[in-house]
Amino acid sequence: MVDRRGRTSSAATERRASGGTHMDRVYFLNFWLILQYETHKIQKEGRGNFYPFVFNDIMGLGEGDANGVNTHDIKLALEGHVKEGYKFNPVCPLSHGDPGYNSSPSPGDRVHVLVCVYSANASEVRSSVLEKMKEIREAASELGIPQLAVLTHIDEACGETEKSLRNVYESKYLKKKMSDFSSKLGIPMNCILPVKNYSHEISSDEDVNTLILNALKLMIDFGDDFINKP
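Residues numbered from 1 in each chain as written. Predicted model: local features only at pLDDT ≥ 70, side-chain atom pairs only at ≥ 80, totals over all residues. Heavy atoms only, no water.

K.L.:
I'm lost on the environment of Met133 in this one. Help?
P.N.:
If you trace the backbone, Met133 turns up in helix 2 (residues 127-142). Using a relative accessible area of 0% as the deciding quantity, one classes Met133 as buried. Each C-alpha atom of the pair Met133 and Leu185 lies 7.4 Å from the other, and the pair is 52 residues apart in sequence. (Helix = DSSP H or I, 4+ residues; strand = E, 2+ residues; numbered from the N terminus. Buried < 20%, exposed > 50% of the residue type's maximum accessible area, 1.4 Å probe, protein only.)

Below you can see the structure in the form of structure tokens.
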């Protein structure tokens, strides 16, 4: 799932009164090992000039209480209580008074979009992990935080998309993968975004970029809607 800062997608947004400039935070919950809470920015042309949004990665979920990020830490991150560089400990969640705890989060520390990242060629998500994801989604919903999912590695999972990414919405395999995930987790089909990861490529690819930018645009739109709520 995800976080964002500026005018875009998953976990905290900062709005500056002067000129109406936004800073959105997008929060990503991944299914791979990330040991600490990190913020990522995208640089524009010109040194020190960045786009008005940020992404935050978090350790993925695992089976049982001793594997993967503790759901308590994710809930704290949604509210902006997790400091940059905090190291996740599955068996010892963050608490008030710890060095990594932010007791006074600003609007820009909070999450504005939650994004779940999962692989199209991964096996079925275990029921225990799904229950954790539902718990996190419920917490985000209570805070009014919009939620999306990103389906990665679509070229590796399906022969049609391996031949051409333009077949992505014609693939029966990917459609079923997205439909199953939607029914189990409750995320609408139009909020599950297929993308291809850059892996062996050494130059930019228009079709790869199109899918990534489509996903990013929806994250930004959701983030703006969240920020501009009455």
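K.L.:
Looking at this structure, I do not really get the packing of helix 2 against helix 5 (residues 172-185). What am I missing?
P.N.:
Between two packed helices, both the angle of their axes relative to each other and the distance between the axes serve to describe the pair. Contact geometry of helix 2 with helix 5 gives a least axis separation of 10 Å together with a crossing angle of 65°. Contacts between helix 2 and helix 5 involve Leu130, Met133, Lys134 and Arg137 on the former and, on the latter, Phe181, Lys184 and Leu185. Per-class residue counts for the contact of helix 2 with helix 5 are four nonpolar, no polar and three charged. (Axes fitted to C-alpha atoms, helices over the stretch in contact; angles between N-to-C directions. Contact = heavy atoms within 4.5 Å. Nonpolar A, V, L, I, M, F, W, Y, C, P; charged D, E, K, R; others polar.)

K.L.:
Teacher, can you tell me more about the confidence of the model for the protein chain here?
P.N.:
For residues with low pLDDT, the predicted coordinates do not support detailed interpretation. The pLDDT averaged across the protein chain works out to 82; a share of 85% of its residues lies at or above 70. Within the protein chain, the lowest mean pLDDT, 32, falls on strand 2 (residues 14-16), and the highest, 95, falls on strand 8 (residues 192-194). Scored below 50 in pLDDT, residues 1-21 makes 151 contacts in the model with residues more than four places away or belonging to other chains. (pLDDT = per-residue confidence, 0-100.)

K.L.:
Hey, could you run me through unusual backbone geometry in this one?
P.N.:
What is expected of a backbone is that most residues other than glycine have negative phi and most peptide bonds are trans. If you check the backbone angles, His153 has positive phi at about 55° while not being a glycine. When its relative accessible area of 22% is taken as the criterion, His153 is described as partly exposed.

K.L.:
Please clarify how the pattern of salt bridges should be interpreted in this entry.
P.N.:
For side chains bearing opposite charge, pairing can occur when the charged atoms are close. Counted under the stated rule, the structure contains nine salt bridges. Notably, a salt bridge pairs Lys75 with Glu135, separated by 2.7 Å at the nearest N-O pair. In this pair, Lys75 sits in helix 1 (residues 71-78) while Glu135 sits in helix 2, placing the two residues 60 residues apart along the sequence. Classification of Lys75 by relative accessible area gives partly exposed; the value is 28%. Residue Lys196 is joined to Glu201 by a salt bridge in which the shortest nitrogen-to-oxygen separation is 2.6 Å. Classification of Lys196 as buried rests on a relative accessible area of 8%. Here Glu201 falls in the partly exposed class, since its relative accessible area comes to 23%. Several salt bridges share partner residues, and in doing so they unite Asp155, Lys196 and Glu201 into one network. (Salt bridge = Lys/Arg side-chain N within 4 Å of Asp/Glu carboxyl O.)

K.L.:
Please explain the layout of surface pockets as it appears in this structure.
P.N.:
In this approach a probe as big as a water molecule rolls over the atoms, and the regions it shows empty are the leftover space. Approximately 410 Å³ is the volume attributed to the second largest pocket. The wall of the second largest pocket is formed by 22 residues, among which Ala122, Ser123, Glu124, Val125 and Lys177 lie closest to the centre. For the lining of the second largest pocket, the secondary structure elements donating two or more residues are strand 6 (113-119) and helix 5. No other element matches helix 5, which puts six residues into the lining of the second largest pocket. When its residues are assigned to classes, the lining of the second largest pocket shows 10 nonpolar, five polar and seven charged. (1 Å grid on protein atoms, 1.4 Å probe; cavity = no way out; pocket = protein on both sides within 12 Å on 5 of 7 lines; lining within 4 Å. Points joined across faces, edges and corners; volume = space filled by probe spheres on them.)

K.L.:
What's the story with the pairing of strand 5 (residues 50-58) in this structure? I'm lost.
P.N.:
Strand residues, when the strand is regular, have side chains that alternate between the two faces of the sheet. As paired strands, strand 4 (residues 38-43) and strand 5 are joined by five bridges and run antiparallel to one another. From the neighbouring strand, Gln43 faces strand 5, where its bridge partner is Phe50. If you look at the hairpin formed by strand 4 and strand 5, you'll find six residues sitting between the two strands, and Gly46 has a positive phi there, around 100°. (Pairing = 2+ DSSP bridges.)

K.L.:
I'm lost on the packing of aromatic side chains in this one. Help?
P.N.:
The relation between two aromatic rings is expressed through the spacing of the ring centres and the mutual angle of the planes. All told, the structure shown has five aromatic pairs when counted by the stated rule. Aromatic side chains Tyr37 and Phe88 sit 6.4 Å apart centroid to centroid with 85° between the ring planes, which places their arrangement in the edge-to-face category. Here Phe88 lies in the loop between helix 1 and strand 6 and Tyr37 lies in the loop between strand 3 (21-29) and strand 4, a separation of 51 residues in the sequence. For the residue pair Tyr37 and Phe88, the accessibility class agrees, reading buried in each case. Ring geometry for Phe53 and Phe55: centres 5.5 Å apart, planes at 75°, overall edge-to-face. Like Phe55, Phe53 is buried. Taken together, the ring pairs connect Tyr37, Tyr86 and Phe88 into an aromatic cluster. The residue whose ring lies beneath Lys41 is Phe50, and the NZ or CZ to ring-centre distance is 5.3 Å. (Phe/Tyr/Trp six-rings, centres within 6.5 Å; stacked < 30°, edge-to-face > 60°. Lys NZ or Arg CZ within 6 Å of the ring centre and 35° of its normal.)

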